[in-house]
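Spelled out from the first residue to the last, the chains are:
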Amino acid sequence: MDRNRKWVPSFGAVLLILLSHMTSALEVPLDLPQPPTITLQSPKDYIFDPRENIVIHCEAKGKPHPSFSWTRNGTHFDVEQDSKVLMKPGSGTLVIDISGEKAEAYEGTYQCTAHNEHGTAVSNSIVIRQSRSPLWSKERNEAIVVQMGVSLVLQCRPPAGLPPPFVFWMDNNFQRLLLDKRVSQALNGDLYFSNVLREDTRSDYICYARFPHTQTIQQKQPISVTVVDMETMNETVAALYNVTDFYSPEGERRPGFMMPLGTTSTKMVLRGETLELECIADGLPTPEISWQKDGGELPSSRMSFYNFKKTLKVSDVNEADGGNYRCTATNNLGTVHHIIKVTVKAAPFWVSAPRNLILAPNETGILTCRVNGEPKPKITWFVNGVSLKNAPEDHSRKVDDDTVILSNVQSGSSAVYQCNASNEFGYLMANAFVNVLAEPPRVLTPPNRVYQVITNNPALLHCASFGSPIPTITWFKDIQTSVKNGDPYVIHENGTLEIHVAQPLNSGKYTCIATNNLGIKENHVYLEVKEPTRILKQPEYKVVQKGMSAVFECKVKHDPSLIPTMTWLKDNGELPDGRFEVNVDSLTINDVTDGDEGTYTCIMNTTLDQDSASAMLTVVEKPDSPTDLELTDQTERSVQLTWIPGDEHNSATQKFLIQYEDLLHQPGVWINLTEVAGTSTTAQLNLSPYVYYSFRVLAVNHVGYSQPSQPSSQYRTNPAAPDENPSDIQCVGTKPGNLVISWTSLTGFQANGPGLEYKVQWRQKDMDEDWSSKNVANVSQFVVSGTPIYVPYEVKVQALNDYGSGPKPEVVIGHSGEDLPLSAPDSVQIMVTNSTLAEVHWEPVSLPSVRGQLQGYKVYYRRERGVHDTEEDTEQQEQVLTFSGNRSEGRLPGLQPYSRYNLTIRVLNNKGEGPPSPSKTFETPEGVPGPPSFLNAVNPSLDTLTLEWGPPTNNNGRLAGYTLKYQPVNNTNELGPVKIMALLANETTITLGNLNSSMLYKFYLSAKTIKGSGPVITEEAFTVMDTTVPSRQVDIATQGWFIGLMCAIALLILVLLIVCFIKRNKGGKYPVKEKEDAHQDPEIQPMKEDDGTFGEYRSMESDTEDHKPLKGSRTPSNGTVRRDESDDSLVDYGEGGDGQFNEDGSFIGQYSGKKEKDTHEGNESSEAPSPVNAMNSFV
């Protein structure tokens, strides 16, 4: 056996142990004959309380029920002869009444025997002892006087009790003495001082012993200890204290061991017990203790330190724990070692205890009794309580050390065998019966049991059985499928069927069959494999501000056949009452407080499994105010402020804001001074003179600002001369002959002292004259009078108070007041560039005559009249253009053609304008006229229309005549050929003949001068419909064939439209468009007349009086939308805005509409004005 091996059982190992137990615990049903089996007995060592009855347990089972007897100290104990002893009915348990008796009389070694006709079982030998708590022996403790710094041991020596007492030290007030690494209590109860101090002086060192069974406490006489300084100790002091124990004076010293003594010691410990090693050292300073094991590691999982590392405990000792343990004591003067040699012995322990045998006649069985120990135990066999050496000879029985072999057993040979293994440290004894039976199988597991298990977990289906010979177990699933050993099934020796990883497909009915040579028995059980419980959404870590709400979600999935129970815990305990709301899948905490902080766990339980998840709640809030503000390192201009931060409330302080109050100048107003990092608790503050400071600090974290701290003590700085001069100094003249000097005054805080004034100095620049100066107080400006007109001045302003002047001031340049300019621009010349633009040139005035800052020149001009007009245009307003800076020319845009203008120029400064220049006149040349003022179509007939128009509002020259163009427009918005007419300037009406009846015409009219034609005005009008028809003529629109034709055409158009849309989506061209591109129809080619071209008609616009579209007009095919402008022009119908009339009256541009009559587009127009027109649109 590998004794050094450490075994940590896994789930599978635990399962195997369980199954092994099932196998070893094979029991005979109580309705069958069987030898006795001990089921309960008292421990081997029984210490009783003399105030209570002695109860010695001995219980057993068997068929027939066994009888009981006892031995005491190896001889028969006649229970019936002692009236104080009672044996419980049906049991071997003894109850001994020791009231009024000497309890010692019943001390001894007891053993119980259980007997029936099939054998005899015996219990362990039970040693009965009375608990004892003796008194402390009387002694007189002499007072102890000890020099400070030396070591000291106060002995306890408690009386020997049974069991041993628990020892501790207290004072007269029953207060435990404080123990530390300098003062410690040894395992034997003694009190050790590594070195004594003055505070160790006291007269009530008392050792107490508590005896656990009797619950009594005994105390030792108090011990008095006096610690003195050797320099003050003399013979008188020694005589006064009647010193009996005296320790020599010592100073600092190397460590030494007070216990154990010497450099080595030994320790023996039994296997399975706890090893306790102890090292206590003296020395000054107090030594530190450390432990190690020579040639190996300390067993960390079973090891622990006590008594400030002076005691090392190793639990559950095994053989590997033997060896040399080294304890080391160290202080700054040296190191000392002590080695404890540990040996491990072992009382007998089981390797394999004998198990009950159930044998059929003529079978062979083996009993084994395997034990170990140190030294090796001696094994002795008994049968029915009698040593095999003294038992009758049995040829079917063979004994070989720890093994008994029984061959060809026969009915009636049942018996109980005992195995006893012992060495010097103890013994083990076990009973194992041999029961010879012939029994058919029986299944002990209840029928139709339902086993439920979670998916992926092991499933155990039991088939506990009994029979002799032992039955063979076979399993079937759903009655017909045989279950064999192998993945996923395992059939254990005791008949249990195990499924390592259960899946839903393993659910169903299982049948186990038990068989031996005497019969067969079956049993049915059921397995249900359930879905596991899983938390799908776990609660998440929350950081919540105090007073807000926190919500933890916990969404769970579980098997629908299982009833779930949701439980919430806080720090593994129940939720507090009050503000906690538990919902189906969440926990809400209202009005969060600091006490709500912790770990919250949601647990979903079913009858088979559970799942849990946890999350922490951190409660944050604004930090507490800093406290204990203190001012240190005070100087004239600085001070150090320190403070103690308040509680951060789980949100780290980001910074501290330091504010001050100026109690002298602004009491009650707190001003931000500086900020420091949140890790700082001090700040060096720069101060100003003549301020009564009070400071406060605010902490800032992620939540916000704390409340301000309490103000610091007041700190006053002494007055001093100003550190700065006024700012924003300006010097300007506001009127002729003055200079206004202004500035931004210093605050009281900036004044640095009382008596604040300003020294104002000024002088004319570049004049080499002395500074003029004036001291003023409580003002922010000063006016210097009698200055020359607009001359530069140098100015400076200096602050001063009762303690001196401020720094040297800076010089600021400004000018005295301005006056109106004296001169006008000269040599004015005008150059006319075109009919709407002219350039003007002039000679600038001299700068001295400006008498101020030159701002520029203003040009005043006004249209007087037209060139050929005789009367002046009084409605025209004078226009003004300003040219900034020192200019000598400018341009006059937006002039009216063919006009006479008047112009003057003035120079400009900040004060105003100078005198005007001599007036100049100029004329603009002719330009193109404006559009005719109106165009109307009147008196329409079958083939004539009359046009009336008005002359342009602005002729812009001598009117040369008009150009009229017109063309028909059919119902598909296609334009016909254009006709052009030239009209005289004095004409304002014309009648057009030879027009088509019932036709829409579009008219274009423009005026012209020698410079060309002006903008076009348009108009549209219809001729009268021809209604002359025979009286027998039938209205075609009411004829059935006409209606049918219209419907067929509409259907054809709809089909064509669908085809076109499909081809367009595929990126192809319309067939009609392809044909048009390949063969241009000469009828729709652009018409050229003069240098103007006409294209296809797209869309029309009327003039400002008529913005509605043509009847039948539509959005252009290229997606453009016509502009909404007041002036109608052929440009609107062209592309790129190129269409216009040239000076010779020709039209430039082209229409973008289509002229094809056979394309589908023609049917997109609006309804025709009449049925006839509708017919004409398809001809």
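Residues numbered from 1 in each chain as written. Predicted model: local features only at pLDDT ≥ 70, side-chain atom pairs only at ≥ 80, totals over all residues. Heavy atoms only, no water.

A separate point is the packing of aromatic side chains. Going through the model one piece at a time under the given rule, you end up with 23 aromatic pairs. With a centroid separation of 5.8 Å and an interplanar angle of 80°, the aromatic rings of F77 and Y110 are classed as edge-to-face. With F77 in strand 6 (residues 75-77) and Y110 in strand 9 (residues 108-116), this pair connects stretches of sequence that are 33 residues apart. Judged on exposure class, the residue F77 and its partner Y110 are both buried. Judged by centre distance (6.3 Å) and plane angle (45°), the rings of F174 and Y208 are tilted. A residue pair is termed long-range when its members are at least 10 positions apart, and F174 in the loop between strand 14 (166-170) and strand 15 (183-185) and Y208 in strand 17 (residues 202-211) qualify at 34 residues. A relative accessible area of 56% places F174 in the exposed class. Using a relative accessible area of 4% as the deciding quantity, one classes Y208 as buried. Three or more aromatic residues joined by ring pairs make a cluster, and in this case those are F166, F168, F174 and Y208. Over the face of the ring belonging to Y306 we find K313, whose NZ or CZ atom lies 4.6 Å from the ring centre. Between the NZ or CZ atom of R906 and the centre of the ring of Y860, over which it lies, the distance is 5.8 Å. (Phe/Tyr/Trp six-rings, centres within 6.5 Å; stacked < 30°, edge-to-face > 60°. Helix = DSSP H or I, 4+ residues; strand = E, 2+ residues; numbered from the N terminus. Buried < 20%, exposed > 50% of the residue type's maximum accessible area, 1.4 Å probe, protein only. Lys NZ or Arg CZ within 6 Å of the ring centre and 35° of its normal.)

Once that is clear, we can look at the pairing of strand 64 (residues 692-700). Burial analysis of strand 64 places eight of its nine residues in the buried class, the great majority of the element. When strand 61 (residues 655-662) meets strand 64, the two strands line up antiparallel, connected through eight bridges. By the bridge assignment, K655 is partnered in strand 64 with V700. Two elements, strand 64 and strand 65 (residues 715-716), share two bridges in a ladder whose sense is antiparallel. When the sheet's bridge partners are listed, Y693 is paired in strand 65 with Y715. (Pairing = 2+ DSSP bridges.)

This part covers the nonpolar core. Counting 30 residues, the largest nonpolar core has I54, I56, W70, I96, Y110 and I128 as its most contacted members. Elements supplying a minimum of two residues to this core: strand 2 (45-48), strand 3 (54-56), strand 4 (58-63), strand 5 (67-72), strand 8 (94-96), strand 9 and strand 11 (126-130). Not counting residues up to four positions away in its chain, the partners in contact with I96 are N53, I54, I56, K84, V85, Y106 and Y110. (Core = buried A, V, L, I, M, F, W, Y, C linked by side-chain atoms within 4.5 Å. Contact = heavy atoms within 4.5 Å.)

This part covers the pattern of salt bridges. Applying the stated criterion to the full structure yields 35 salt bridges. Here the salt bridges do not stand alone but share partners, grouping D171, R202 and D204 into one network. (Salt bridge = Lys/Arg side-chain N within 4 Å of Asp/Glu carboxyl O.)

It is worth spelling out the state of the cysteines at this point. All chains considered together, the criterion is met by six disulfides. Put simply, C156 and C207 are joined by a disulfide, and their sulfur atoms are 1.8 Å apart. Disulfide C156 to C207: torsion about the S-S bond roughly -70°, handedness left-handed. Taken together, the positions of C156 in the loop between strand 13 (152-154) and strand 14 and C207 in strand 17 put the pair 51 residues apart, joining distant regions of the chain. This pair shows no difference in class: C156 is buried, exactly as C207 is. Each disulfide pairs two cysteine sulfurs, and for C554 the partner residue is C602, the sulfurs being separated by 2.0 Å. Because the torsion about its S-S bond is 65°, the bridge between C554 and C602 counts as right-handed. (Disulfide = S-S within 2.5 Å.)

To continue, consider the side chain of T653. Mapped onto the fold, T653 is located in the loop between strand 60 (638-644) and strand 61. Relative accessible area serves as the criterion here: at 10%, T653 is assigned to the buried category.

Of all residues in the protein, 85% have pLDDT values of 70 or greater, and the mean over the chain is 84. Segment residues 1-25 is flagged for pLDDT under 50; beyond a separation of four residues in sequence, or across chains, it makes 24 contacts in the model. Low pLDDT (under 50) marks residues 240-249, which in the prediction has 22 contacts with non-local residues, meaning those over four places away or in another chain. (pLDDT = per-residue confidence, 0-100.)

Let us now look at the sheet that holds strand 62 (residues 666-677). The four strands lie next to each other as 62-61-64-65, forming an open sheet whose pairing is antiparallel. The open sheet has two edge strands with one neighbour each: strand 62 and strand 65. With eight bridges joining them, strand 61 and strand 62 adopt antiparallel strand pairing. By the bridge assignment for strand 62, F656 is matched with V676.

Position of P623 among the secondary structure elements: in the loop between strand 58 (610-620) and strand 59 (627-632). For P623 and T653, which are 30 residues apart along the polypeptide, the C-alpha to C-alpha distance reads 7.4 Å. Once residues within four sequence positions are removed from consideration, P623 is found in contact with D647, E648, H649, A699, V700, N701, G704 and S706.

On the surface, L1051, L1054, V1055, I1058, V1059 and I1062 cluster together into a nonpolar patch covering about 530 Å² of accessible area. Position of L1051 relative to the elements: it lies in helix 5 (residues 1040-1065). (Patch = residues over 30% accessible without salt bridge, like charges linked within 9 Å, V, L, I, M, F, W, Y side chains within 5 Å. Areas by Shrake-Rupley, 256 points an atom, 1.4 Å probe, with all protein chains shown as cover.)

Before going further, it helps to spend a moment on unusual backbone geometry. Of the consecutive residues M259 and P260, the connecting peptide bond is found in the cis state with omega at -5°. Inspection of the secondary structure puts P260 in the loop between strand 21 (253-259) and strand 22 (264-270). Cis geometry marks the peptide bond from S468 to P469, where omega comes out at 5°. Mapped onto the fold, P469 is located in the loop between strand 42 (465-468) and strand 43 (472-477). Of note in this structure, N307 is not a glycine but carries a positive phi near 55°. If you trace the backbone, N307 turns up in the loop between strand 26 (303-306) and strand 27 (311-314). For N307, a relative accessible area of 17% gives the class buried. The backbone of H649 shows a phi angle near 55°, a positive value even though the residue is not glycine. Position of H649 relative to the elements: it lies in the loop between strand 60 and strand 61.

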